[in-house]
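Here are the chains, one letter per residue:
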Amino acid sequence: MFPPFAEEAAHAVCLAMIRQLETGALTLEQVTPVSEERAGNGIMLGALVATDAAGNEIVLKTASGFSRALVPHVADQAIYVPPLVAPAQIAEAVAANDDAIHALTARIDALSDADDAAEKNALIAERLALTQESVAKVYARYAFHCADGSVRSLNDICAERCGGKFPPTGTGDCCAPKLLDYAFSHGLTPRSMCEVFYGRNTPHKTNGLRYAPCDDRCGIILPAMLGLEILYRDRDIIVVNKQSGVLSVPGKVETDCIASRVRRLFPDCIAQPAVHRLDMETSGLMVLAFTKEAHRRLSGQFEAGTVQKSYIALVDGILPAKGIAAHGTMELYFRVDLDNRPHQMWDAVHGKKAVTEWRIQDVETYQARDGSRRKVTRVLFLPHTGRTHQLRLAAADSHGFGMPIVGDSLYGHCADGERLMLHAQYLHFTHPRTGEPMTFRCSAGF
């Protein structure tokens, strides 16, 4: 993951924690039995510098996992954040199956290679079922306070981001979720957050170095807590992977949107940070500006057509069977349908020109939410203009492909629980302050 907040202030706190650990002013106390495989392992130290409603600075500190606790031995105004789920609660969750799992393990280990393989496989399957039951009980205890004031369970987050599959062991015990949970549950605004590794060096981590939140665990939880999947951030701009179903900017009634979520997390941001938009149903790359100057310069690039974008879509049908070329460019003319907003309609006289390049990538089988299957065409769209609903119309309108994108509620059909299969996967622009080329890629979730 890209660090969601600036790291400098929190990094200084983390380094001070290491110095305190080395002098004994701060200790790591073992609160659960040490397992053989984890004995001597290092630990992540995390800090979050925040402000309260009155503008006072609040410093939060924590350590990863739930087996060791930071204990200060000198006066410290910082708040030491405990695990989201106490070790006693985890022990209680696994206690019911613990003896049975150990007994099964002993029976499995006692069987030799010459013994009945079917019996051994049956015992392994029985142990796995009990283990998964225990894991489910543990994860059911995890819930996270989010930036929007809601509280979301780990099960709910995983249903959305992991297809309901179990996340990796230890999900929820990293520093970042604990720090942010405390901040959001106490009305604090994060300003800086950082994690450093403390312990003997490993092939993957070095004592004293800082590391971004992990992809495999925090990459599941943090986007749900923050309301944004942050791919890049500096003092001028932020790039996010917009989720389908969220507006880019406020609507006439709905105020929740990507722009408002950015402002909520970064209060110093300008009032209107969005420099371009994606349809509510479209997912993918968006760049927003923190400052007026960055907004002005980025907007100029979009207006001049120097920003490069590409989208991936699933078109509902077999395009080659209609004689559609594998690669081409179309020019279409549309304007808003005044009697049926926000629909666009063909108008060769008064419509605005929309130029779209396409490349057919594959014909594949799409499985709908009801389990039915049908053939669809995966298409790469490269828009040369930025018109409203340009790609949806390029697919659906009779002057284009004549086949809508799967899940298009405006120009096709969207089944219950389905989404528009259109994703902004590539974005290239020039950084508004440094002038450096910035390229982002983000694969579709379909």
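Residues numbered from 1 in each chain as written. Predicted model: local features only at pLDDT ≥ 70, side-chain atom pairs only at ≥ 80, totals over all residues. Heavy atoms only, no water.

## A closer look at the overall build of the chain
Scanning the chain for helices and strands turns up nine helices and 18 strands. C-alpha extents for the chain along the principal axes are approximately 75 × 65 × 40 Å. Within the chain, the proportion of its 446 residues that are buried is 46%. When contacts within the chain are restricted to residue pairs at least 6 apart in sequence, long-range pairs at least 24 apart make up 65% of them. (Helix = DSSP H or I, 4+ residues; strand = E, 2+ residues; numbered from the N terminus. Buried < 20%, exposed > 50% of the residue type's maximum accessible area, 1.4 Å probe, protein only. Contact = heavy atoms within 4.5 Å.)

## Details of the packing of aromatic side chains
One pass over the structure, following the stated rule, counts 11 aromatic pairs. Between the aromatic rings of Phe-334 and Trp-346, the centroid separation amounts to 5.7 Å while the plane-to-plane angle is 85°, which identifies the pairing as edge-to-face. In this pair, Phe-334 sits in strand 13 (residues 327-336) while Trp-346 sits in strand 14 (residues 344-346), placing the two residues 12 residues apart along the sequence. Of the residues examined, Trp-346 reaches a relative accessible area of 30% and is grouped as partly exposed. (Phe/Tyr/Trp six-rings, centres within 6.5 Å; stacked < 30°, edge-to-face > 60°.)

## Examining the pattern of salt bridges
Following the criterion strictly, the structure yields 19 salt bridges and no others. One salt bridge connects Glu-281 with Arg-392, and the closest N-O pair in it is separated by 3.3 Å. Here Arg-392 lies in helix 9 (residues 390-396) and Glu-281 lies in the loop between helix 7 (258-265) and strand 11 (283-289), a separation of 111 residues in the sequence. Accessibility classification places Glu-281 together with Arg-392 in one group, the buried group. (Salt bridge = Lys/Arg side-chain N within 4 Å of Asp/Glu carboxyl O.)

## What about the sheet that holds strand 8 (residues 189-198)?
Sheet architecture is open: four strands sit in the order 5-3-2-8, paired in mixed fashion. Both outer strands of the open sheet, strand 5 (79-80) and strand 8, are each paired with one neighbouring strand and no more. As paired strands, strand 3 (residues 57-63) and strand 5 are joined by two bridges and run parallel to one another. Opposite Leu-60, over in strand 5, you have Ile-79 as the bridge partner. Most of the contacts of helix 5 (residues 175-185) go to strand 3, to which it runs at about 145°, and overall it touches strand 2 (43-51), strand 3, strand 5 and strand 8. (Pairing = 2+ DSSP bridges. Axes fitted to C-alpha atoms, helices over the stretch in contact; angles between N-to-C directions.)

## Let's talk about the state of the cysteines
Scanning the entire structure with this criterion turns up zero disulfides. Not engaged in a disulfide, the cysteine Cys-218 finds its nearest cysteine sulfur in Cys-214; these two sulfurs lie 3.7 Å apart. Classification of Cys-218 by relative accessible area gives buried; the value is 1%. (Disulfide = S-S within 2.5 Å.)

## Considerations on the packing of helix 2 (residues 87-110) against helix 3 (residues 117-139)
Running from amino to carboxyl end, helix 2 crosses helix 3 at an angle of 170°, the nearest separation of the two axes being 9 Å. The angle between the axes of helix 2 and helix 3 places the two elements in the roughly antiparallel class. Along the contact surface, helix 2 presents Ile-90, Ala-93, Val-94, Ala-96, Asn-97, Ala-100, Ile-101, Leu-104, Thr-105, Arg-107 and Ile-108, while helix 3 presents Lys-120, Leu-123, Ile-124, Glu-126, Arg-127, Leu-130, Thr-131, Glu-133, Ser-134, Lys-137 and Val-138. Considered class by class, the residues forming the contact of helix 2 with helix 3 number 12 nonpolar, four polar and six charged. (Parallel < 35°, antiparallel > 145°, perpendicular 65-115°, else oblique. Nonpolar A, V, L, I, M, F, W, Y, C, P; charged D, E, K, R; others polar.)

## Some details on unusual backbone geometry
In the segment running from Arg-341 into Pro-342, the intervening peptide bond is cis, with an omega of 5°. For His-389, which is not glycine, the phi torsion reads 60° and is therefore positive. Looking at the secondary structure, you find His-389 in the loop between strand 16 (373-383) and helix 9.

## Description of the environment of Arg-277
Structurally, the position occupied by Arg-277 is in the loop between helix 7 and strand 11. Linking Arg-277 and Leu-247, residues 30 residues apart in sequence, is a C-alpha distance of 8.6 Å. Setting aside chain neighbours within four positions, we find Arg-277 in contact with Ser-248 and Val-249.

## Quick notes on the nonpolar core
Residues Leu-180, Val-262, Phe-266, Leu-288, Phe-381 and Phe-401 are the most contacted members of the largest nonpolar core, which totals 87 residues. Non-local contacts of Leu-288, meaning those with residues more than four positions away in its chain, are made with Asp-236, Ile-237, Ile-238, Val-240, Ile-258, Ala-259, Val-262, Pro-273 and Ala-274. Counting 16 residues, the second-largest nonpolar core is a separate cluster that includes Tyr-232, Val-275, Val-287 and Val-307. (Core = buried A, V, L, I, M, F, W, Y, C linked by side-chain atoms within 4.5 Å.)

## Structural notes on helix 7
Every α-helix carries 3.6 residues per turn, so stepping three or four residues along brings you back to the same face. Of all eight residues making up helix 7, six are buried, and the element is well covered by its neighbours. Ile-258, Ala-259, Ser-260, Arg-261, Val-262 and Leu-265 are the residues of helix 7 that are buried.

## Things to note about helix 2
Of all bends in helix 2, the biggest is about 55°, found at Ala-95. Restricting attention to buried positions, one finds in helix 2 the residues Ile-90, Ala-93, Asn-97, Ile-101, Leu-104 and Ile-108. In this fold, the buried residues of helix 2 make contact with helix 3. (Bend = angle between axes of the 7 residues up to and from the residue.)

## Re the side chain of Arg-378
The residue Arg-378 is located in strand 16 in this model. At a separation of 2.9 Å, a polar atom in the side chain of Arg-378 contacts the side chain of Glu-364. A distance of 3.3 Å separates the side chain of Arg-378 from the backbone oxygen of Phe-446, its partner in a polar contact. Ignoring any residue separated from it by four or fewer positions in sequence, one finds Arg-378 in contact with Ile-312, Ala-313, Leu-314, Arg-359, Ile-360, Gln-361, Asp-362, Glu-364 and Phe-446. (Polar contact = N/O pair within 3.5 Å; in protein donor to acceptor, adjacent residues only side chain to side chain.)

## Topic: the side chain of Glu-364
One can find Glu-364 in strand 15 (residues 352-367). Excluding residues that lie within four positions of it along the chain, Glu-364 makes contacts with Leu-314, Arg-374, Lys-375, Val-376 and Arg-378.

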